[in-house]
Amino acid sequence: MFRRVLIANRGEIALRVMRACRELGIETVCVYSKADEEAAYLRFADQAICIGPAPSAKSYLDIPSIIAAAEIADVEAIHPGFGFLSENAHFAEVCQSCKIKFIGPSPETIASLGNKTRAREIAAEAGVPTVPGSDGPVITEEEALITARKIGYPVIIKAAAGGGGRGMRVAHNEISLVNGYHQARAEAEAAFKDSTVYLEKLIVEPRHVEIQILGDEHGNLLHLGERDCSLQRRHQKVVEESPSPILDEDLRRQMGEAAVAVARAAGYYNAGTVEFLVDKERNFYFIEVNARIQVEHPVTEMVTGIDLVQQQLRVAAGEHLGFHQKDVQLRGHAIECRINAEDPDAGFRPSPGRIERFVAPGGPGVRFDSHAHAGYRIPPNYDSMIGKLIVYRPTRRQAIHAMANALEEFEVGGVKTIIPLHQRIMQHPDFLAGRVDTGFIERVLMPR
Ligand code: ADP
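Residues numbered from 1 in each chain as written. Predicted model: local features only at pLDDT ≥ 70, side-chain atom pairs only at ≥ 80, totals over all residues. Heavy atoms only, no water.

Looking at the nonpolar core
Reasoning step 1: Within the largest apolar cluster, 125 residues are counted, with the highest numbers of intra-cluster contacts made by L6, I78, F276 and M426.
Reasoning step 2: Counting the residues that make up this core, at least three belong to each of domain 1 (4-103) and domain 3 (207-445).
Reasoning step 3: Beyond its immediate chain neighbours, meaning those up to four positions away, M426 contacts V239, I335, C337, I400, M403, A404, L407, F431 and L432.
Reasoning step 4: Ranked by size, the runner-up nonpolar core spans 13 residues in total, among them V138, V155, A171 and A184. (Core = buried A, V, L, I, M, F, W, Y, C linked by side-chain atoms within 4.5 Å. Buried < 20%, exposed > 50% of the residue type's maximum accessible area, 1.4 Å probe, protein only. Domains from an automatic or database assignment. Contact = heavy atoms within 4.5 Å.)

Right, here's the structure in full:
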């Protein structure tokens, strides 16, 4: 096992990785920007190194600073967390050339899956259904029009380098296609410095169901069941659960095998997620692979009893997976609510600032992954997620009930959070019945 690991991230996920390292007896080195220098979680690191000013381009995304910190601290490996450099193939390659183990898949795998049109090809070659769409990128407005006519409206224009729901536009006709095409390209250029877009048929009121995969570097690859992430706002997940209320054993096996087939075709190892959309007839379609640990990984940990971050560290250190597919059983039900410091009454505008009052819920089966506390000042520079509340119970109904109680216990003063939105979700009869799709929040809970 590694002796010392650097965590190239901040906040909740930095703390999560640190905890996993400590349990495995690994020393931790945490990096931080000027905006995070007061953060309490840095205390838990054996060493904390400042890597630059607040803007992430000059700190958490600055490869030379992070590599310099890794060399000064003499670490053997870097855990990238999620976001920032976690899916940056160049960073993984730089680590490799500096003889520092990157905790994640190979640079080649990250590069091919990071290009969503290439990922679609890999899935199709592996015999996995993809959403009908363009063959690769769509280069001109004319090509977009011809392709859309062929696949049939409505369509969705997506950024090839996409992530976080950015560079995505729905088009119901030729006029909105032309507008959306240019908007998506501009947004993709601004967000990813890559304006390449492609087209997919819009799946109407789909569910988002994803499969957690895990592989070692000796060819063992398996899946840990699914997460249902249908509750979204602007194509960004808000609530996640496992198991999915719409899967049965048969569909779980089919989707699990499809996910493993895609991962195998991409030469995947370490932890990752294969994402699918499921239509009303329960047909599933591959959309993309996230080549990293995900925000919502705890729901899988709760129902499988497997610590995914510890597994990431173990396989990166060269260990074999210590179990087989048949050993993975989903037991009980887990739900996660993302706690974002945003104002639901003001268009979900971020609400940074000092947390004056903070009482987090607890009790049996209640897990709260967060770096926040009373007196903590949320910097305006980064993502607005300040924690994740996860509840685990034997049944879905009990889990929803327990989540509603936990949300009621939760007190945050000084900044706004989306806790009131979560409370409405937990009480909604359609959510209780498991009848939701990716448009549910916007259509039902916040109609314009
Ligand atoms: P990103 O990488 O930006 O997260 P994804 O491809 O993972 O983008 O899609 C994010 C979300 O966007 C999906 O969960 C779904 O809600 C919506 N979406 C993506 N593709 C389609 C599609 N073809 N039809 C309907 N909704 C889609």
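Having seen the structure, we can now continue with the description.
Focus: the environment of H223
Reasoning step 1: Mapped onto the elements of the fold, H223 is located in strand β10 (residues 221-233).
Reasoning step 2: Looking at H223, the relative accessible area reads 11%, which means it is buried.
Reasoning step 3: Residues H223 and N283 lie 60 residues apart in sequence; the distance between their C-alpha atoms is 19 Å.
Reasoning step 4: Here H223 is in contact with I211, Q212, I213, R252, G256, E257, V260, Q325 and V328, once residues within four sequence places are set aside.
Reasoning step 5: A distance of 3.1 Å separates a polar side-chain atom of H223 from the backbone nitrogen of G225. (Helix = DSSP H or I, 4+ residues; strand = E, 2+ residues; numbered from the N terminus. Polar contact = N/O pair within 3.5 Å; in protein donor to acceptor, adjacent residues only side chain to side chain.)

Here's the deal with the side chain of R120
Reasoning step 1: Looking at where R120 falls in the secondary structure, it is placed in helix α5 (residues 116-125).
Reasoning step 2: In this structure R120 comes out as buried when scored by relative accessible area, which is 8%.
Reasoning step 3: In terms of polar contacts, R120 uses its side chain to reach the side chain of E200, at 3.1 Å.
Reasoning step 4: Residues within four places of R120 in sequence aside, it is in contact with T130, V131, P132, G133, S134, Y198, L199, E200 and F286.

What about the sheet that holds strand β14 (residues 333-340)?
Pairing between sheet strands relies on hydrogen bonds along the backbone, with the strands arranged either parallel or antiparallel.
Reasoning step 1: Strand order across the open sheet formed by 8 strands is β13-β12-β9-β10-β11-β14-β21-β19, with antiparallel pairing between neighbours. Across the chains shown, the open sheet's two edge strands, defined by having one partner strand only, are β13 (284-290) and β19 (366-370). This sheet shows a mean twist of 25 degrees between the axes of neighbouring strands, independent of strand direction.
Reasoning step 2: Along the sheet, helix α10 (residues 308-316) contacts β9 (207-215), β10 and β12 (270-278); its crossing angle with β12, the most-contacted strand, is approximately 125 degrees. (Pairing = 2+ DSSP bridges. Axes fitted to C-alpha atoms, helices over the stretch in contact; angles between N-to-C directions.)

Let's talk about the domain arrangement of the protein
Reasoning step 1: Here the protein is described as being made up of domain 1 (4-103), domain 2 (132-201) and domain 3 (207-445).
Reasoning step 2: Look at where the C-alpha atoms of domain 1 and domain 2 centre, and you get two points 35 Å apart.

What to know about the pattern of salt bridges
Reasoning step 1: For the coordinates displayed, the defined rule picks out 37 salt bridges.
Reasoning step 2: With a shortest N-O distance of 2.7 Å, R227 and E210 are connected by a salt bridge. Taken as a pair, R227 in strand β10 and E210 in strand β9 lie far apart in primary sequence, 17 residues in all.
Reasoning step 3: What makes R227 buried here is its relative accessible area of 0%.
Reasoning step 4: Counted as one network, the salt bridges with shared partners bring together E210, R227, K237, E240, E275, E296 and R338. (Salt bridge = Lys/Arg side-chain N within 4 Å of Asp/Glu carboxyl O.)

Some points on the site of the ligand
Reasoning step 1: The immediate surroundings of the ligand are formed by 21 residues, with G165, I203, H208, Q232 and E288 found nearest.
Reasoning step 2: In this structure, E288 approaches the ligand through a side-chain N or O atom, which is 2.5 Å from an oxygen atom.
Reasoning step 3: Its free accessible area being 550 Å², the ligand has 95% of it covered by the protein chains.
Reasoning step 4: Secondary-structure elements contributing two or more residues to the shell around the ligand are β6 (155-159), β8 (197-201), β12 and β13.
Reasoning step 5: Considering only residue class, the shell around the ligand consists of 7 nonpolar, 8 polar and 6 charged.
Reasoning step 6: Counting contributing residues per domain, the shell around the ligand is built from domain 2 (132-201) and domain 3 (207-445), each supplying no fewer than three. (Near = heavy atom within 4 Å. Areas by Shrake-Rupley, 256 points an atom, 1.4 Å probe, with all protein chains shown as cover. Nonpolar A, V, L, I, M, F, W, Y, C, P; charged D, E, K, R; others polar.)

Things to note about the sheet that holds strand β1 (residues 4-7)
Reasoning step 1: Reading across from one edge, β3-β2-β1-β4-β5 is the order of the 5 strands in this open sheet, with parallel pairing throughout. Edge positions in the open sheet fall to β3 (47-52) and β5 (101-102), since each of these has one partner strand only.
Reasoning step 2: Sheet analysis places strand β2 (residues 27-33) next to β3, joined by 5 bridges and oriented parallel. Residue pairing across strands places V31 opposite I49, the latter belonging to β3.

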